[in-house]
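Architecture and fold: a report
Here's the letter readout for the chains.
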Amino acid sequence: MNGFRSWDLILSTAEIILNHSTDRITIRQPDDWHVHLRDGAILEAVLPSTSRVFHRAVVMPNLNSPITSLDKAVAYRKQIENLIPKGHDFKPLMTLYLTDDISPDIINDGFNQGEIFAAKLYPANSTTNSSSGVTDIKAIDPLFAMMESIGMPLLIHGEVTDPDVDIFDREAIFIERELIPLLSRHQGLRVVLEHITTKDAVQFVEDFSGNLAATITPHHLHINRNAMLANGFRSDFYCLPVAKRELHRLALRRAATSGKECFFLGTDSAPHVRGAKESACGCAGIFNAPVALQSYAEVFDEEDALDRLEGFTSLFGPKFYRLPINKNFISLVKQTYIVPESLDVINHDNSIERIVPFHASKKLKWTLSV
Ligand code: DOR
Ligand code: ZN
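Just so it is clear, the model here is predicted, and its values are computed rather than measured. (Residues numbered from 1 in each chain as written. Chains lettered and ligands numbered in written order. Predicted model: local features only at pLDDT ≥ 70, side-chain atom pairs only at ≥ 80, totals over all residues. Heavy atoms only, no water.)

**A short note on the coordination of the zinc ion (ligand 2)**
Taken together, the protein ligands of the zinc ion (ligand 2) are His 34 (NE2), His 36 (NE2) and Asp 268 (OD), with distances of 2.0 to 2.1 Å. Counting residues between consecutive donors of the zinc ion (ligand 2) along the chain gives the motif H-x1-H-x231-D. Here His 36, found in the loop between strand E2 (32-35) and helix H2 (40-51), pairs with Asp 268, found in the loop between strand E9 (263-265) and helix H11 (274-277); they are 232 residues apart in sequence, far enough to count as distant. We note that His 36, like Asp 268, is buried. (Donors = N, O, S within 2.8 Å, 3.2 Å for Na, K, Ca; no water. Helix = DSSP H or I, 4+ residues; strand = E, 2+ residues; numbered from the N terminus. Buried < 20%, exposed > 50% of the residue type's maximum accessible area, 1.4 Å probe, protein only.)

**Focus: the side chain of His 222**
Position of His 222 relative to the elements: it lies in helix H8 (residues 218-222). Of the polar contacts made by the side chain of His 222, one reaches the side chain of Ser 295; its length is 3.0 Å. With residues near it in sequence (within four places) discarded, His 222 still touches Arg 249, Ser 295, Glu 298, Val 299, Phe 358 and His 359. (Polar contact = N/O pair within 3.5 Å; in protein donor to acceptor, adjacent residues only side chain to side chain. Contact = heavy atoms within 4.5 Å.)

**Digging into the pairing of strand E4 (residues 91-97)**
Within E4, six of the seven residues are buried, which leaves the element mostly enclosed by the surrounding structure. Alignment of strand E3 (residues 56-59) against E4, held across four bridges, turns out to be parallel. Its bridge partner lying in E4, Arg 56 is registered against Lys 91. With respect to chirality, the unit in which E3 leads through helix H3 (residues 70-82) into the neighbouring parallel E4 is right-handed. As paired elements, E4 and strand E5 (residues 118-121) share three bridges and run parallel to each other. Paired with Thr 95 across the bridge in E5 is Ala 118. (Pairing = 2+ DSSP bridges. Right-handed = clockwise from strand over helix to strand, strands pointing away.)

**Some remarks on the pairing of E2**
Walk down a regular strand and you will see the side chains alternate between the two sheet faces. Direction of pairing for E2 relative to E3: parallel, over a ladder of two bridges. When the bridges of E3 are listed, Asp 32 appears paired with Ala 57. Traced from E2 through H2 to E3, the parallel crossover comes out right-handed.

**Overview of the pattern of salt bridges**
Applying the stated rule across the entire model yields 16 salt bridges. Note that Asp 31 is salt-bridged to Arg 56, the shortest N-O span being 2.8 Å. Residue Asp 31 is located in the loop between strand E1 (24-28) and E2, and its partner Arg 56 is located in strand E3; the two are separated by 25 residues in the primary sequence. This pair shows no difference in class: Asp 31 is buried, exactly as Arg 56 is. (Salt bridge = Lys/Arg side-chain N within 4 Å of Asp/Glu carboxyl O.)

The quantities given are spatial measurements derived from coordinates; they are silent on function.
This is the structure in structure tokens:
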């Protein structure tokens, strides 16, 4: 039995056993505008969690061998498509990993051929597999100019990597040092500031009157930095940008539930096997795909904003990306869902590793009804 089947069985069992509630919400099928699917055995294990719920997903290019060419993007798309379970109507949207020396032609060709949906800017060494990222953002202005002229969106991991800047300030400083100048140099560029974590980013995106939006993850809506650092170091809650103080979490919750079109869903689901999370240099990333929608629903419920859930999950993203909204609908029911403690990854040598999901072993109040 592969990882997908065992997970799916657990989900169905939980849904059947605990099916005793009446509250139900039905929304347009959502898209995930920021996800890490990885490749190989991890891809095989995690993909169904995303493709079961989301119709489209913007797939991050930071593989061990990053997606830096059109050929790699096409091969990766095919690898994903070959693993989509029967009955899941899922479309991966591929991204290009920007480096110091990528040619603008790749952007142009990839976009015109419909193979590359967006480009991802990782400041070098800002996060997982970003060592080939960009060392000098201004120096790749010709790439941004090309994207601006053809209409390709730019997705940004917004943190400076200057060792003199405190890790909790890296996002706010990035906005001042890099994002504001970039947006003023390229006023026609459509930009998404990914996985925002601060009140500073919320305020900046809200106030900016150009083509700027932000994605917000489920985990940054649920946890502050205490989850990771109080009562022992908990690598399960370590991600980048790191969760900040409570006041930032509250600002993110207000933004996500505000009904403002500049904030939309991007899970940043980022699976790492247990050993990689718990090693001497633990990997950043939280695997939330199996629980993302339920987790967002819980936040909107707590904020008394369930009527705004659909905008955030299913309408504002397509509007920003100029894509049609999805035709299908999906329902959530208010019934207790106990999140499984892990997902199995079956390696190609048949060894098994585990990935621990966000909210592992916890009770959530909303369950998918599919
Ligand atoms: O926590 C994170 N994990 N943040 C990122 O930016 C990358 C991601 C990953 O690829 O693991
Ligand atoms: Zn990410």
